[in-house]
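Inside the fold
Each chain, written out:
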There are 2 protein chains.
Amino acid sequence: MPVPLYQAKAEFFRTLGHPVRIRVLELLQDGPRPVRELLTEIDVEASNLSQQLAVLRRTQLVSSTRDGNTVVYALSTPDVADLLRAARRILTELITDRSLLLEELHSAPGSPPAR
Amino acid sequence: MPVPLYQAKAEFFRTLGHPVRIRVLELLQDGPRPVRELLTEIDVEASNLSQQLAVLRRTQLVSSTRDGNTVVYALSTPDVADLLRAARRILTELITDRSLLLEELHSAPGSPPAR
DNA sequence: GATCAGGATGAAGAAGTCTTCAATTGACGA
DNA sequence: TCGTCAATTGAAGACTTCTTCATCCTGATC
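Because the structure is predicted, anything quoted here is derived from the model rather than measured.

Let us look at the environment of D67 of chain A. By secondary structure assignment, the location of D67 of chain A is in strand β2 (residues 62–67). Note: C-alpha distance between D67 of chain A and P34 of chain A (33 residues apart in sequence) is 9.1 Å.

A separate point is the confidence of the model for chain A. Per-residue confidence for chain A gives a mean pLDDT of 82, with 80% of residues at or over 70. pLDDT under 50 marks residues 108–115 of chain A. Its contacts with residues more than four places away, or in other chains, come to zero contacts.

A few words now on the side chain of D79 of chain B. Position of D79 of chain B among the secondary structure elements: in helix α5 (residues 79–107). When neighbours within four sequence positions are excluded, D79 of chain B is seen to be in contact with R89, I90 and E93 of chain A.

What follows is about the interface of chain B and chain A. Between chain B and chain A, the residue contacts involve 35 residues of the former and 34 residues of the latter. On the chain B side of the interface with chain A, the three residues burying the most area are K9, F13 and I90 of chain B, jointly 19% of the side's total. Our count for the chain B to chain A interface comes out at two salt bridges. One can count four residue pairs in polar contact (both at pLDDT 80 or more) joining chain B with chain A. Contributing elements (two or more residues each) for the side of chain B that touches chain A: α1 (5–16), α2 (19–29) and α5 of chain B.

Residue and element names in this part refer to chain A. Relative to strand β3 (residues 70–75), strand β1 (residues 33–34) runs antiparallel, the two being bridged by two bridges. Looking across to β3, one finds that P34 is bridged to V72. Judged from the six bridges that link them, β2 and β3 form a sheet pairing that is antiparallel. Following the sheet pairing, V62 is matched in β3 by L75. Hairpin remark: β2 followed by β3, antiparallel, with two residues in the connecting loop; positive phi at G68, about 65 degrees.

Membership of the largest hydrophobic core comes to 54 residues, with the highest contact counts inside it found for F12 of chain A together with F12 and L61 of chain B. Counting only domains with at least three residues in this core, you end up with domain 1 (1–76) and domain 2 (78–115) of chain A. Discounting residues that sit within four places of it in the chain, F12 of chain B has contacts with A87, I90, L91 and L94 of chain A together with L61 and L83 of chain B.

Rules used in this analysis
- Residues numbered from 1 in each chain as written.
- Chains lettered and ligands numbered in written order.
- Predicted model: local features only at pLDDT ≥ 70, side-chain atom pairs only at ≥ 80, totals over all residues.
- Heavy atoms only, no water.
- Helix = DSSP H or I, 4+ residues; strand = E, 2+ residues; numbered from the N terminus.
- pLDDT = per-residue confidence, 0-100.
- Contact = heavy atoms within 4.5 Å.
- Buried area = accessible area lost by both parts, 1.4 Å probe.
- Salt bridge = Lys/Arg side-chain N within 4 Å of Asp/Glu carboxyl O.
- Polar contact = N/O pair within 3.5 Å; in protein donor to acceptor, adjacent residues only side chain to side chain.
- Pairing = 2+ DSSP bridges.
- Core = buried A, V, L, I, M, F, W, Y, C linked by side-chain atoms within 4.5 Å.
- Buried < 20%, exposed > 50% of the residue type's maximum accessible area, 1.4 Å probe, protein only.
- Domains from an automatic or database assignment.

Spelled out as structure tokens, the structure:
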């Protein structure tokens, strides 16, 4: 039995746990892109973006190829897109649930606070 | 446009980025469970588990109900299970890809090291 | 070969997360 | 009411991760 599997999973999710990295992955869903282009869309310093790209490369979620003067990044498997979709679904559900809860709290001010 | 959406997504993934929390979610996939039972399966101190459960509660991935002397936890939506499945798929793919790469490197020792 | 632009890297301090310990709460039976 | 079991909480130090800065590397142009 592979003991540290959930360890690997946790690392994987931690890799996704950064706004810039998420944005990069989402942009790459529509196809490969040069760093320069990512940079115009993400609003972060070049070296910072580079650091985050390095993290994504290390975990092999993306791959990079040099084309003359520019470097182009791409998702290394389309499964990443699936995963992001699943995450989006669950997130919107969680968020709407939360706002429903808020509404309930507002419309029934006498009821005890949720704990 | 909801500007900090990828922020929310990042937070969400960070929530999943911990071995104990992953294990808890996986155990809860099969149905609700009392803390005591989680504790026997996860091998972590009670207070540590409690801390991680608190994180999961804050992000509303799980919910807890007290039943007399024991506290029972459950997934707050079955979508969590979907997400974990998607993650599992992509992870096993990444891992097998990686070992293929290793094999290639071993069988072609004269080629330049991968960078 | 000097220079330049696009990217990558290393290092250091700031910021955040984990683990652990002691103290606390709530429910239950003696 | 006291003791106890189950679980949670708060706080402190260890440990990671982020951001930023200066520096470096690579390929193109002159």
